[in-house]
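One letter stands for each residue in the lines below.
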Protein chains: 2
Amino acid sequence: MKSGSVVEFRFSETNVAVMVSERPMRVAIVGLGTVGSGVVKILVEQAERIRRRAGREIEITSVIVRDPTKARSVSHVDDLIDTSLEAIKADDVDVVCELIGGTTTAGDVVRQALLAGKHVVTANKALICEQGEELFQLAREKNKVICFEAAVAGGIPIIEAVTQSLAANQITSIEGILNGTSNYILTEMFDRNVSYDDAVVKAQKKGYAEADPAMDVDGTDAAQKLTILVQLAFGTKADLKSFPRQGIDSLDLADLRYADQLGFRIKLLAVAKLHGQSLELHTQPTLIRKQQPMADVYDAYNMIEIEGDAVGRTWFSGMGAGQMPTASAVVSDLIDLAVGRAQQTFPLLDLWSEREPLPILPAEQIERRYYLRFHAMDKPGTMAAITAILGRHQVSIASCIQYEAEGKSNSSFVPLVIMTHHCQEGQMRAADLELAECKAIGKNYLRLPIRE
Amino acid sequence: MKSGSVVEFRFSETNVAVMVSERPMRVAIVGLGTVGSGVVKILVEQAERIRRRAGREIEITSVIVRDPTKARSVSHVDDLIDTSLEAIKADDVDVVCELIGGTTTAGDVVRQALLAGKHVVTANKALICEQGEELFQLAREKNKVICFEAAVAGGIPIIEAVTQSLAANQITSIEGILNGTSNYILTEMFDRNVSYDDAVVKAQKKGYAEADPAMDVDGTDAAQKLTILVQLAFGTKADLKSFPRQGIDSLDLADLRYADQLGFRIKLLAVAKLHGQSLELHTQPTLIRKQQPMADVYDAYNMIEIEGDAVGRTWFSGMGAGQMPTASAVVSDLIDLAVGRAQQTFPLLDLWSEREPLPILPAEQIERRYYLRFHAMDKPGTMAAITAILGRHQVSIASCIQYEAEGKSNSSFVPLVIMTHHCQEGQMRAADLELAECKAIGKNYLRLPIRE
């Protein structure tokens with residue numbers, strides 16, 4: 001054994017692992033942005049607490065940044081600042097904490113860390129989603145571990161729940177509000193009457209949204225997180241293009257109000273449901289009945305509802321974004337590594353394993369109710385034209401409300417909301433094609449699924 | 001090493017533990033009641049799933065019952081039925097699963113198992129609460145592990161959350177609906193107009209309530225669970241007598257209705273809150289504002305809200321009682337033992353450790369708002385008498401409603417509800433003494449705290 005990177009365990013006769021080494025676990029932090037600063041803050045300011053819970057010290061050996069002159073919100077690490085990625089390969093590094101975001105440099109950091117024989121902790125869901133297969137394979141070859149609790153739902157320990165706490169169960173459904181930024185924007189708009197653009201700026205100021213919030217608001221971020229959970233729970237590698245994905249950027253404030261009047265809230269909901277031997281997958285703004293726990297999730301909070309065949313339904317909720325909640329998850333991964341739990345869990349994860357994956361249900365076969373909102377021409381025959389198209393595709397109407405034109409809107413168009421009975425996505429897609437050609441309807445027709 | 005009880009681990013150069021032994025982990029199940037049958041059902045029917053997640057087989061070596069002739073809901077274990085506790089000491093047993101309940105025989109089972117060099121999994125919160133200190137000490141001496149995820153909040157992985165997932169945090173508050181039976185009874189009464197007695201019978205039929213539900217409805221069960229969480233999160237050993245404890249058996253259906261009219265639900269709430277260097281503790285039916293997540297917990301569901309200094313507020317919810325949810329937690333403990341995680345976690349638990357415990361805030365100093373419900377004599381001067389007593393103890397009234405006498409009640413008394421401003425429990429206790437002497441008030445005066 002190389003003395004530089006070995007933690008000694010003594011196994012007693014009766015197989016309780018007792019750590020006998022007083023050697024600290026040494027961590028290189030790559031990236032000192034929002035999350036990186038939070039991680040440093042906990043490790044430095046709460047060193048004694050962390051030592052007690054990890055069974056040994058967790059020591060920062062280096063903090064690698066691009067621009068060493070930039071003002072930082074953390075102190076005590078000035079001497080450890082480095083600009084060269086070579087520092088992660090140093091003999092005295094046990095774990096590399098990748099907290100720079102993006103996928104290009106971040107991917108290189110993780111690869112180089114694994115090749116140099118370091119464990120990796122990352123909060124980067126885009127990276128896990130895009131390059132996970134290759135990186136996990138490399139980690140296994142190198143007998144190393146990748147921890148990624150912070151990559152999904154920030155401070156909520158959902159990776160641990162799926163891979164450990166609920167291990168007795170076949171998970172049958174995962175439904176979650178997984179993008180804190182979108183949920184924050186929806187809350188600001190509906191509950192506080194803030195415009196979409198102002199809400200985005202506020203989300204960025206609070207550290208929830210990325211500098212470019214496109215991936216948050218177009219549903220990509222939530223879909224990426226869903227694919228990670230799906231891989232863990234069902235062994236299925238779901239390409240982002242293989243299931244319906246829609247963002248909150250398609251919504252008007254008016255839609256939030258119409259839904260409210262009908263007894264619903266609209267949330268960006270990521271769904272994975274087991275149907276026999278295939279998986280229903282989608283990430284879309286979804287109408288959720290107000291009585292359901294998921295409807296009452298506000299601001300940057302996330303919630304995940306998991307159903308297991310033994311445990312029934314469980315809910316996990318907390319901050320899905322923000323500096324300290326995400327740092328809390330990163331540090332818990334570091335503690336798991338220091339204790340040795342992560343090293344035992346990782347080889348058993350179904351993630352990117354050989355096991356036969358469950359196939360994804362073709363989108364056309366997904367069956368549910370829909371909310372349709374039209375800007376319909378305010379003249380005779382419009383309603384007949386729309387309902388005739390729906391009728392031709394066997395889409396049955398459960399309720400219908402035509403609203404008066406709003407003050408500012410073009411008065412020749414009026415909002416029309418139709419709630420359908422159950423039908424298949426395929427029927428709706430076929431109807432959509434005809435609706436797009438229908439001259440009685442304005443351009444921004446919106447269709448959202450309804451959660452029962 | 002004794003070959004009979006050793007699991008082989010191979011530690012690679014780079015400290016990832018790889019299990020090389022194909023030897024199953026062998027379990028003796030003690031007790032084949034509701035939970036025991038559920039555990040056997042999962043281990044037998046889902047053997048392949050469990051093997052994949054545990055990295056090896058989990059095999060039942062014996063099932064110990066008192067009455068072998070009793071009809072059982074599980075099959076495939078007839079050959080393993082034994083009536084002698086000696087069976088747990090057999091060489092081929094690695095883990096003893098104590099699922100008989102009670103504390104006398106159960107305590108003996110756990111002690112004998114540890115003395116014989118077996119790990120223990122238990123769902124028995126009363127046992128952990130009463131004899132935990134001694135049993136944990138014995139386990140440490142014998143280099144063995146006690147797992148007890150199922151002892152608190154059934155299927156919700158709250159022990160794992162407190163001891164692992166949130167390890168980066170100083171927990172600052174734990175508030176929970178921890179007794180499924182009480183919550184089920186409250187739901188039946190208020191939402192379905194079922195009488196208290198009928199609701200208790202229904203809870204028993206559903207397998208939520210014990211044969212003797214006294215400990216459920218008088219708050220003992222929830223208080224026991226709270227003390228386990230408090231010990232884990234704060235290192236404080238709280239005697240059940242050291243903090244206010246009150247059950248739902250003190251409530252009338254009318255109180256649930258009055259609270260509803262005022263915008264609250266009443267839930268049996270267990271609370272542990274850090275105030276500087278001391279702990280506020282109580283387990284009482286509590287008025288919770290309807291907008292709060294905790295107010296919307298129905299039936300036998302539990303919810304725990306945990307606040308940490310890094311993660312902020314998190315919520316965990318799921319079934320707190322019932323066969324399969326509890327079995328799910330027991331089996332996840334077995335998987336943790338099979339993987340080896342539990343062996344690494346247990347020695348680091350703060351539970352019953354040497355660490356200086358936080359003191360409990362004297363009950364008199366607990367500060368909050370209160371709901372007071374009187375049956376007041378319907379005659380002049382009553383209100384003056386009551387408010388004068390409150391005034392003498394500096395208890396300020398926030399609102400007050402006198403209801404008309406209900407149909408069946410003695411018409412010389414009418415319900416009177418007072419909501420106070422913030423005051424200390426000590427002030428209220430002093431006022432209670434005078435109120436008890438006040439002839440204008442009927443006997444069953446009720447005082448409940450309000451959660452902000």
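Before reading on, note that the structure itself is shown above.
Just so you know, these numbers come straight off a predicted model, no measurement behind them.

Draft legend 1. Region of interest: the overall build of chain A. Helix and strand counts for chain A come out as 14 helices and 18 strands. For chain A, the C-alpha radius of gyration of 24 Å lies close to 22 Å, the compact-globule estimate for 452 residues. With respect to the three principal axes, the spread of C-alpha positions in chain A is 85 × 50 × 35 Å. A burial count over chain A gives 52% of its 452 residues as buried. For chain A, long-range pairs separated by at least 24 residues make up 73% of all intrachain contacts whose partners lie at least 6 apart in sequence.

Draft legend 2. How the structure looks around helix H9 (residues 220-234) of chain B. Look at H9(B): 20 Å from first C-alpha to last across 15 residues, which is about the 21 Å you get at 1.5 Å a residue. One or two positions beyond H9(B), positive phi appears at Gly235(B), with a value near 75°.

Draft legend 3. Examining the sheet that holds strand S4 (residues 58-64) of chain B more closely. All names here are of chain B. Across the sheet, which stays open at both edges, the six strands sit in the order S5-S4-S3-S6-S7-S8 with parallel pairing between neighbours. The two strands at the open ends of the sheet, each matched to only one other strand, are strand S5 (81-82) and strand S8 (146-147). Alignment of S4 against S5, held across two bridges, turns out to be parallel. From the neighbouring strand, Ile64 faces S5, where its bridge partner is Asp82. Strands in contact with helix H1 (residues 34-45) are strand S3 (25-30), S4 and strand S6 (95-98); relative to S4, the strand with the most contacts, it is inclined by about 150°.

Draft legend 4. Geometry of the sheet that holds strand S5 (residues 81-82) of chain A. All names here are of chain A. Spatially, six strands are ordered S5-S4-S3-S6-S7-S8 in an open sheet, and the strand pairing comes out parallel. The open sheet has two free edges, formed respectively by S5 and strand S8 (146-147), since each of these has just one partner strand. Strands in contact with helix H1 (residues 34-45) are strand S3 (25-30), strand S4 (58-64) and strand S6 (95-98); relative to S4, the strand with the most contacts, it is inclined by about 150°.

Draft legend 5. Looking closely at helix H6 (residues 180-192) of chain A. Residue and element names in this part refer to chain A. In this model H6 runs 17 Å from its N-terminal to its C-terminal C-alpha over 13 residues, within 8% of the 18 Å that 1.5 Å per residue would give. Of all 13 residues in H6, eleven are buried; the element is thus mostly enclosed. All of the buried residues in H6 are Gly180, Thr181, Ser182, Asn183, Tyr184, Ile185, Leu186, Thr187, Glu188, Met189 and Phe190. Count one or two residues on from H6 and you reach Asn193, which has phi positive near 55°.

Cut-offs applied
- Residues numbered from 1 in each chain as written.
- Chains lettered and ligands numbered in written order.
- Predicted model: local features only at pLDDT ≥ 70, side-chain atom pairs only at ≥ 80, totals over all residues.
- Helix = DSSP H or I, 4+ residues; strand = E, 2+ residues; numbered from the N terminus.
- Rg over C-alpha atoms; globule rule 2.2 N^0.38 Å.
- Buried ≥ 20, exposed ≤ 12 C-beta atoms within 10 Å, placed from the backbone.
- Contact = placed C-beta atoms within 7 Å.
- Expected span 1.5 Å × (residues − 1).
- Pairing = 2+ DSSP bridges.
- Axes fitted to C-alpha atoms, helices over the stretch in contact; angles between N-to-C directions.

Worth remembering: the numbers are spatial, not functional.
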